Amino acid sequence: MLEYKTNHSVIISGESGAGKTETTKVILQYLAEVAGSTSGVEQMILSANPILEAFGNSKTLRNNNSSRFGKWVEIHMDNGGRICGAKVVNYLLEKTRVTKQAKDERNYHIFYQLCKGADSTRQKSLSLQTCNQYYFLNQSGCIDLPNVDDAKEFKEVLTAMDTLKFDKSDTEAIMKLVATILLLGNLEFKAVDVNKATGSQIKNTNILDQAAALLGVESKSLAQALTNRKLVIRGQAPMDIPLDPTKASDARDSLSCFLYGNMFNWLVLKINEFLSAGIKPGTTKLIGVLDIFGFEIFEKNSFEQLCINFANEKLQQHFNAQTFKLEEEVYSAEKIKYEHVDFIDNQIVLDLIEKKPKGLLASLDEEIVMPKGTDATWLEKMHMTHKENQRYQKVLKSPNCLIIKHYAGDVTYDSTGFLDKNKDTMNDDLLIVVRGSKSTFITGLFSGQEGSDSKTKKMSLGGQFKEQLSALMETLNATEPHYIRCIKPNETKAPVEQYFNGSMCYRQLRYAGVFEAVMIRQKGFPFRYTHEDFLKRFLILKPKLKYTSPKQGCIDLLKIFSTEYKKDMSGVQIGVSMVLYKGDQQRFLELYRNVAVEKAVIRTQAVYRGHLARKLYKRLSAVRKQLREAIKARSLDLLNKALGIYVEFEFKEVREAKALRDLILEEKRVAELLKKALEVAKNQEDPSVTTINTLKEAVDAADKINFKSNDADEARKKMAFINEKIEAKKNLEEGVKNHIESSLRDALDKVSKLGFKESDSAVQAARAELKRIEDERKIEEELRKVLSLPPAEKSSKPEPVQRKGSLARVRTTTSKAGGSGINTSSLYPGVQITETGETMVSSEADAALNQAVVKADKFGMKTPSGVTLLNTAKLLQTLRKTIISDQTETWEHVEQVLIKAPDIIETPEMAAARAQLILKAQISVVNAALESAVANFDTEQLAISIEKADKLNMEIKYFKDMLNYITATQQALHDSIAAVDQVHLEEAIQMAEAINYNKEDLITAQHLRDVLAGLAQEMDQLLRVVPSRDEMQHLYTRAQEVGMHTEDMQKLYNVLCLNEEEFVKLQIKAAINLKDETRIIKHSGRLKEIFFSRFGNAFVLNQCSRLKSPDEYVQGKFFGKDSLKAGMLLWTKEPIHTSLTHMYEIEEDLQTKEQQLHSRELNKTATKLFKNIMGWMGDRQLSFPQVLAREVLQTGIQEPLLRDEIYCQLIKQMTSNPTLASVDKGWRLMKLCLQTFPPSSEFENFLEMFIRKSGDSHSECIGLLHTIVYKGAKSSPPSDDQIGAA
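From a predicted model like this one, the values you see are computed outputs, not experimental measurements.

**Student:** Can you walk me through the overall build of the chain in this structure?
**Tutor:** Each helix and strand counted, the chain has 50 helices and 21 strands in total. Relative to the 2.2 N^0.38 estimate, which gives 33 Å for 1286 residues, the radius of gyration of the chain is 60 Å and therefore markedly larger than a compact globule would have. In terms of its C-alpha atoms, the chain occupies a principal-axis envelope of roughly 155 × 125 × 95 Å. Looking at the 1286 residues of the chain, the share that counts as buried comes to 45%. Residue pairs at least 24 apart in sequence account for 68% of intrachain contacts in the chain once pairs closer than 6 positions are excluded. In the form shown here, the chain has an accessible surface area of approximately 68,300 Å², with 52% of it arising from carbon and sulfur atoms.

**Student:** Explain the sheet that holds strand β4 (residues 70-77) here, please?
**Tutor:** Across a sheet, strands are paired by hydrogen bonds formed along the backbone, either parallel or antiparallel in direction. Taken together, 5 strands build an open sheet; the order of strands is β5-β4-β10-β1-β14 and the sheet is mixed. Both outer strands of the open sheet, β5 (83-91) and β14 (480-486), are each paired with one neighbouring strand and no more. Within this sheet the neighbouring strands show an average axis-to-axis angle of 15°, counted without direction. Pairing of strand β1 (residues 8-14) with β14, which is carried by 7 bridges, proceeds in the parallel orientation. Pairing of G14 across the sheet is with C486, part of β14.

**Student:** Mind showing me how you'd approach unusual backbone geometry here?
**Tutor:** Note: most residues except glycine have negative phi, and most peptide bonds are trans. At the junction of K356 and P357, the peptide bond is cis and its omega measures out at 5° in the coordinates. For P357, the position within the fold is in the loop between α12 (347-354) and α13 (360-369). Unlike most non-glycine residues, N147 shows phi in positive territory, near 65°. You can see N147 is positioned in the loop between α5 (135-138) and α6 (150-163). In the Ramachandran plot, S1216 falls in the positive-phi region, its phi being about 60° despite a non-glycine side chain. Looking at the element boundaries, S1216 is found in the loop between α46 (1203-1214) and α47 (1220-1234). Exposure remark for S1216: the relative accessible area of 56% places this residue in the exposed category.

**Student:** Before we go on, may I ask you to explain helix α25 (residues 652-681) in this structure?
**Tutor:** Helical geometry note: an α-helix holds 3.6 residues per turn, so side chains three or four residues apart project in the same direction. Compared with an ideal rise of 1.5 Å per residue, which puts 30 residues at 44 Å, α25 spans 43 Å between its outermost C-alpha atoms and is within 8% of the ideal. Within α25, burial applies to E653, V654, A657, L660, I664, E667, V670, L674, A677, L678 and A681. For α25, the elements touching its buried residues are α23 (583-633), α24 (636-643), α26 (689-704) and α27 (710-738).

**Student:** I'm lost on the side chain of E590 in this one. Help?
**Tutor:** Topologically, E590 is positioned in helix α23. A residue is classified by how much of its surface remains accessible, and E590, at 13% relative accessible area, is buried. Beyond its immediate sequence surroundings of up to four residues, E590 is in contact with Y529, R537 and F538.

**Student:** Help me understand the confidence of the model for the chain in this model?
**Tutor:** Here the chain shows a mean pLDDT of 84. Residues at 70 or above account for 93%. Note that pLDDT drops below 50 for residues 794-798; the model gives that stretch 0 contacts with residues more than four away or on any other chain. Across residues 802-819, confidence stays below pLDDT 50; counting only partners more than four residues off in sequence or on other chains, it has 40 contacts.

**Student:** How do you make sense of the packing of helix α21 (residues 531-538) against helix α22 (residues 550-564) when you look at a structure like this?
**Tutor:** Angle between the axes and distance between the axes are the two parameters that describe a pair of packed helices. α22 packs onto α21 with a crossing angle of 45° between their chain directions and a minimal axis gap of 8 Å. It follows that α21 is oblique to α22 by the angle criterion. Handedness of the α21/α22 crossing: left-handed. Only P550, K551, G553, C554, L557, L558 and F561 of α22 make contact with α21, whose side of the interface consists of H531, E532, F534, L535 and F538.

**Student:** Would you take a moment to explain helix α44 (residues 1153-1177) for this structure?
**Tutor:** Taking 1.5 Å of rise per residue, the 25 residues of α44 would be expected to cover 36 Å, and the 36 Å separating its terminal C-alpha atoms lies within 8% of that figure. After α44 finishes, the residue G1178 shows a positive phi value of roughly 85°.

**Student:** Sorry, what's going on with the packing of aromatic side chains here?
**Tutor:** Centre distance and the angle of the planes are the two values used to describe a pair of aromatic rings. If you walk through the whole model with that rule in mind, you get 18 aromatic pairs. When the ring of W266 is compared with that of F441, the centres are 4.9 Å apart and the planes differ by 80°; the resulting orientation is edge-to-face. On the criterion of sequence distance, the pair formed by W266 in helix α10 (residues 245-275) and F441 in helix α17 (residues 440-445) is long-range, its members being 175 residues apart. When its relative accessible area of 9% is taken as the criterion, F441 is described as buried.

**Student:** How should the pairing of strand β17 (residues 578-581) be read in this particular structure?
**Tutor:** Consecutive residues of a regular strand have side chains that alternate between opposite faces of the sheet. The sheet contact formed by strand β15 (residues 527-530) and β17 spans 4 bridges and is antiparallel. Each bridged residue has a counterpart across the sheet, and for T530 the counterpart in β17 is M578. The pairing of strand β16 (residues 572-574) with β17 spans 3 bridges and is classified as antiparallel. The residue bridging V572 from the neighbouring strand is Y581, located in β17. What sits between the antiparallel neighbours β16 and β17 is a turn of 3 residues.

**Student:** What am I meant to see in a nonpolar patch on the surface here?
**Tutor:** Judged by side-chain polarity, L231, M239 and I241 come together as a nonpolar surface patch covering roughly 210 Å² of accessible area. Structurally, L231 can be placed in strand β8 (residues 228-231). The class of L231 is partly exposed, set by a relative accessible area of 31%.

Rules used throughout
- Residues numbered from 1 in each chain as written.
- Predicted model: local features only at pLDDT ≥ 70, side-chain atom pairs only at ≥ 80, totals over all residues.
- Heavy atoms only, no water.
- Helix = DSSP H or I, 4+ residues; strand = E, 2+ residues; numbered from the N terminus.
- Rg over C-alpha atoms; globule rule 2.2 N^0.38 Å.
- Buried < 20%, exposed > 50% of the residue type's maximum accessible area, 1.4 Å probe, protein only.
- Contact = heavy atoms within 4.5 Å.
- Areas by Shrake-Rupley, 256 points an atom, 1.4 Å probe, with all protein chains shown as cover.
- Pairing = 2+ DSSP bridges.
- Axes fitted to C-alpha atoms, helices over the stretch in contact; angles between N-to-C directions.
- Expected span 1.5 Å × (residues − 1).
- pLDDT = per-residue confidence, 0-100.
- Parallel < 35°, antiparallel > 145°, perpendicular 65-115°, else oblique.
- Left-handed = near helix turned anticlockwise from the far one by under 90°.
- Phe/Tyr/Trp six-rings, centres within 6.5 Å; stacked < 30°, edge-to-face > 60°.
- Patch = residues over 30% accessible without salt bridge, like charges linked within 9 Å, V, L, I, M, F, W, Y side chains within 5 Å.
- Salt bridge = Lys/Arg side-chain N within 4 Å of Asp/Glu carboxyl O.

This is the structure:
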């Protein structure tokens, strides 16, 4: 766009729900990001989206956010490529959605957002209810959308309106109108008689009043306009024609649709008013984004779908024209060789819809003005006019419908309502009412609106849409188009990652002509330049090339590409005025050009930067020379002049010059400060504080810059003398304050040398304090004496000072007085300290201490040593009073007294008290250790503590006994755990529990005991039950893991060593002892398995003694004996002539007469049973197969001699049976027999072997066989229902 100064368009197309709206948003976000603006208008463009989507989008069956209007968004850019404004053009809003939605669809988003997101104030003012309570919202059955927060999106709409500078009054008016439409939808009408005609009346007048109030009209006027229509006949007074409830509802819906449609148009105009403010006509280029409704095929398609699909046909034609027609026109005009690509031309469909005079929309406009024009008359005309059109089809089964064969598929349109929707007008009575609204916003929406009875011919909705589309096509044709095809991956609205319908995507690509577009891109020449432009662009690769004409220059340049760059130029053709080439050539031409441009730019930049650098160096060199001269001259004027010259950056001389200038200025300032300070301090013998501060400030400033001058030296000396006097006086005052003799004497010597007068108050105070300290020293000596401390002058080292909390520091001292370092040589008379540290004080010694303390208190001790001695004496007083008896509480008090004492000197009495405390503390520690060791059953710590207690002569017999018992318990636990012996474990545990022993080894012993007990119990149970070998092996392994060794464990081992047969026999024996039938049957079956694995091959059915031999079977037959013999035990479709088995075990010759007669009867029954079996299995067509099966089962119960016969007959019919269904029914009957009666013991094994050889799928029968053999025959057969369910 910037390079060629052209307008561009992005045309987004695809089916409804393919993602066009989301693609539009992504494109707008991209343009806002890469282009930006100086005014922030790009963010305003993005802010318009929430508003347009809220009022123009809704949920359809195909899309949860379907645009129900088309929009063309123009992004205008200035010459610098910055966004300066935008415009939005809207097309054909689907107004009917306001009043009617298909099942599982929704109305426009704003209705749900307002109901869910409005605050309490707005809800009250608009009389809002929940969505379910509004007819316009609840009729489709869909209120909420997954993963959509309507309340949150409502806040985004309000924020967007604020961003786009909507007036608060306009925002409130819009929300009022939305609420009004919802209320109108809830109006209900009832039929009434009006002058012998059917009229209507509003049932819920309270809702009418609310709607009228929000609309700003009278309730009565609104009700009249909704339920009546004025008829105006020339020359007569207007007449009110009552409307029945159906027509009144239509009037209500019409009003609602027009209110919403006009409001939407107003919103678009308002958005454009703000977004287009920065557009200066004729100075911008634009990028247009077309997001128009996708091709729609619904269950019911109406006039809106016809217009929508007409627009898509137009866009497809534009795509065809740009991609195919215009492309080939260029090739023909340039006279180059190209390969034609066939494509689907949809011009015939466009002519069918719009071409005058017989197109659908043109005919619809004519039908509107016909006096008796209806949807039916229009449709009949269309059937007649377009019956020969291949793209038009009449629907025979639906007289109101027609079919148009669009490029994207066949669509069936229902013509009902086509004329009314195309008129796009509202009842004049309603229009008069809304124009009379008190709301300027409402009246503004309908300014210029024409009613249905207007004499002025108003353009139909179809005509408006055709006109808008024509204007859109003109705009698109004036831009450089870019196409985006959105492909819908499935019909379920699921993400493509979850479900991809390949055939559906292929259909969309094929109908949209994408394959042909790709083909023409491959076969055609999508890149082209005029000869002049081609040379301008690529001559940089050979700048010295000479040519006679632009065309010849292009030819020569392409030859160079082919020879020098070794590139295939067969994809380039030179036409009459253009050079046309393919993608491969485009890639390497642009690549080599970019490389050449980069080299040229780098060289150009290098030359120019070198020029700038040399120019800068020359200028800075002159400045550097000037700066150096100014620095050398140390002239402030020269420095200022040189520094006043502009330089791009600070180099060394600039920094030095600035620093020197600042130093010179500072030196001048400091000199003035020094001069002023010296003049002030000149005649002052004792300078004031102000003078001292002034002098100090000047000296500090001079020191900071190391300034040297006579005034500076003089000021420094004067300041040093003043500081010395101040320090000396300060020392005097601190000496007096702190009562320190040495400090006072040093300070007096210093002030004497500095010339202080004796009359000075500080000097006098210091000397008075010295005198007082000398008197205090005498009292100190008296205190030292009564405290049993040596005189101060005789002390070889300072007395140890005991401070707070220092008791722990001396607790390591020996308890004996003689070995503790207590000095008893200076004890005051009447004070004695024994070798064990006990102190005895006479009353005279105690009185002397009290008198000395009283005297010191009265004097007021102030020196540190005096205060310490007095504190020590007072502490000793307290200590003597505390030590009354040798009780635990007393000594605890003594300890607290010593710990909380202030700074004191350690006296002999205090040292003795500390020794006593240490001894008691040691005993307490040892006793606590003994108790802890016993509580924790710690024998090692208990032994150590007993040894310490012996040294302290403590009574510890109990602890020694406990040590022995604990040791014995631990040993017993250790031995029993190692032995894995349940009895010994129990004994050791009892020992431990007797003393509440709780160590880990007890827990281990208890666990081991419980494990052994549990294993023993399990072992006893398993030896009685004898479950599976795996269970017994698992238990044995667990017992081995813990080291168990008992008689039961040996028994268990012996059982595990049995072979499989002996093991199963033992299981059967255990089951018999426990009378467990289930396990008896189960283990008997297992024993049978072992038996059959060894001897199964011996049980061949034809060797069973119960079975007749083939010769016996065919006895009495004259024909077909061989086939009967061969098929004796094979499936047959014919009945058998005799039984398969012997009825009696003895031969017939040896049977009694009664047995022979019975045998013949049984033989007849056997042949009948075989027919029943054939009927059940479907081998013969007999009625009531369940009755037949029941008869077989009943016979098996009643006649034991026929049981083996029944089983043999079933085996025969399931052997080599060609019909799987028959075999399946045979097995079902086999199962029923096995649940009802057992075979004989002679036949049992043969039957089981047959079942086993039949495969694992019939293993259930083996279990049934074992069960019935064990339990015996049942008394009655299953019921018919049970047989049927088998």
